[in-house]
Amino acid sequence: MARKKLSLSGWYKRFFLNERTSMIAAVLSLLILPVIYYFGNRSGGLDLAGRYDLMMRLVLIVTLQYALKKHKLFLMQAATVGLLFCMLCAQSQYALGNLASRDSETYIRMGLQGFIFLAGERMVLFIQSFVCVSHYIIHAARRQEAIRVSVNQVSILFLLALVIIQLVIAPMLSFERDYVLYVWTLHLDELFIFVLIACAELILMIDQREFEGV
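Residues numbered from 1 in each chain as written. Predicted model: local features only at pLDDT ≥ 70, side-chain atom pairs only at ≥ 80, totals over all residues. Heavy atoms only, no water.

(A) Structural view of the overall build of the protein chain. When helices and strands are counted, the protein chain shows eight helices and zero strands. Traced from its N-terminal end to its C-terminal end, the protein chain shows the element sequence α-α-α-α-α-α-α-α. Counting all 214 residues of the protein chain, 48% fall into the buried class. Across the protein chain, the fraction of contacts at a sequence separation of at least 24, relative to all contacts at a separation of at least 6, is 79%. (Helix = DSSP H or I, 4+ residues; strand = E, 2+ residues; numbered from the N terminus. Buried < 20%, exposed > 50% of the residue type's maximum accessible area, 1.4 Å probe, protein only. Contact = heavy atoms within 4.5 Å.)

(B) Molecular detail of the nonpolar core. One finds Phe16, Leu64, Met76, Phe117 and Tyr182 to be the most contacted residues of the largest nonpolar core, which totals 64 residues. A per-element tally of this core places helix H8 (residues 177–212) first, with 20 residues. If we skip the residues at most four places from it in the chain, Phe117 touches Tyr94, Leu99, Gln166, Ile169, Ala170, Leu173, Val183 and His187. (Core = buried A, V, L, I, M, F, W, Y, C linked by side-chain atoms within 4.5 Å.)

(C) Main features of the confidence of the model for the protein chain. In this model, the protein chain carries an average pLDDT of 83, and 86% of its residues clear a pLDDT of 70 or more. Mean pLDDT across the elements of the protein chain bottoms out in helix H5 (residues 104–110) (72) and peaks in helix H2 (residues 19–43) (94). Note on residues 1–6: pLDDT under 50 across the span, and zero contacts to partners over four residues away in sequence or across chains. (pLDDT = per-residue confidence, 0-100.)

(D) Examining unusual backbone geometry more closely. A positive phi is found at His71, a non-glycine position, where the angle reads about 55 degrees. By the secondary structure assignment, His71 is in the loop between helix H3 (48–70) and helix H4 (73–98).

(E) Molecular detail of the pattern of salt bridges. On inspection of all chains with the given rule, the structure shows five salt bridges. Arg42 is the partner of Asp178 in a salt bridge, and the nearest nitrogen-oxygen pair spans 3.1 Å. With Asp178 in helix H8 and Arg42 in helix H2, this pair connects stretches of sequence that are 136 residues apart. With a shortest N-O distance of 3.8 Å, Glu190 and Arg57 are connected by a salt bridge. Taken as a pair, Glu190 in helix H8 and Arg57 in helix H3 lie far apart in primary sequence, 133 residues in all. In the salt-bridge network here, residues are joined through shared partners; they are Asp53, Arg57, Asp189 and Glu190. (Salt bridge = Lys/Arg side-chain N within 4 Å of Asp/Glu carboxyl O.)

(F) Local environment of the side chain of Gln91. Turning to its location among the elements, Gln91 is positioned in helix H4. Owing to a relative accessible area of 1%, Gln91 belongs among the buried residues under this scheme. Among the polar contacts made by the side chain of Gln91, one reaches the side chain of Glu121 at a distance of 2.7 Å. Aside from chain neighbours lying at most four places away, what touches Gln91 is Leu96, Glu121, Val124, Leu125, Gln128, His187 and Glu190. (Polar contact = N/O pair within 3.5 Å; in protein donor to acceptor, adjacent residues only side chain to side chain.)

(G) Geometry of H3. Taking 1.5 Å per residue as the helical rise, H3 with its 23 residues ought to reach 33 Å, and the 33 Å between its terminal C-alpha atoms agrees with that figure. Taken together, the buried positions of H3 are occupied by Gly50, Asp53, Leu54, Arg57, Leu60, Ile61, Leu64, Gln65, Ala67 and Leu68. Downstream of H3 by a residue or two, His71 has a phi angle that is positive, lying close to 55 degrees. (Expected span 1.5 Å × (residues − 1).)

(H) Up close: the state of the cysteines. The final tally for this structure, using the stated rule, is zero disulfides. For the unlinked cysteine Cys86, the closest cysteine sulfur is that of Cys89, found at 7.2 Å. Judged by relative accessible area, Cys86 falls into the buried class, the value being 11%. (Disulfide = S-S within 2.5 Å.)

Quick look at the structure:
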């Protein structure tokens, strides 16, 4: 009897095309928002811009999940772009503003995990920027190239892996407890949002290929 070959692309499609995946990701990301708000206020890490970011996340997550459920492609693409830029702006403010403004001795005292966390935040920002640019290149081009689509999907998976690493490292940081919980819940929310974005990106890619007859 022939053995079934393990197909990573097949697993990827089954997971991100499953309606439960997007629904669970959307619900969990929405449930975490009040927790982020609570710890952000307690720690003083959430300013007015951060509150506005949380409000935009709520609106865009609901919009994207609605578009996925009803298969409204134009709304799906608009919500995906909105979420990508919302996450990019928040990450740039955090990685280049909040963390960069802290004294270098803060990270020296924390040791290796402090430097890994700081480097991880900068890497998350870089990959988010790449995904945003890649999204525009893919969907603005008259004809998609398989290599660009694959690179974009791999980038999203790499981004998910980086966020998971940050979730593991965050509790080891020597910041005050409320701030660590604020950072941890913020990244957990980002994890579910990127899963939601990956679902939308895959559907948009498949629809584009069907339209072009690839």
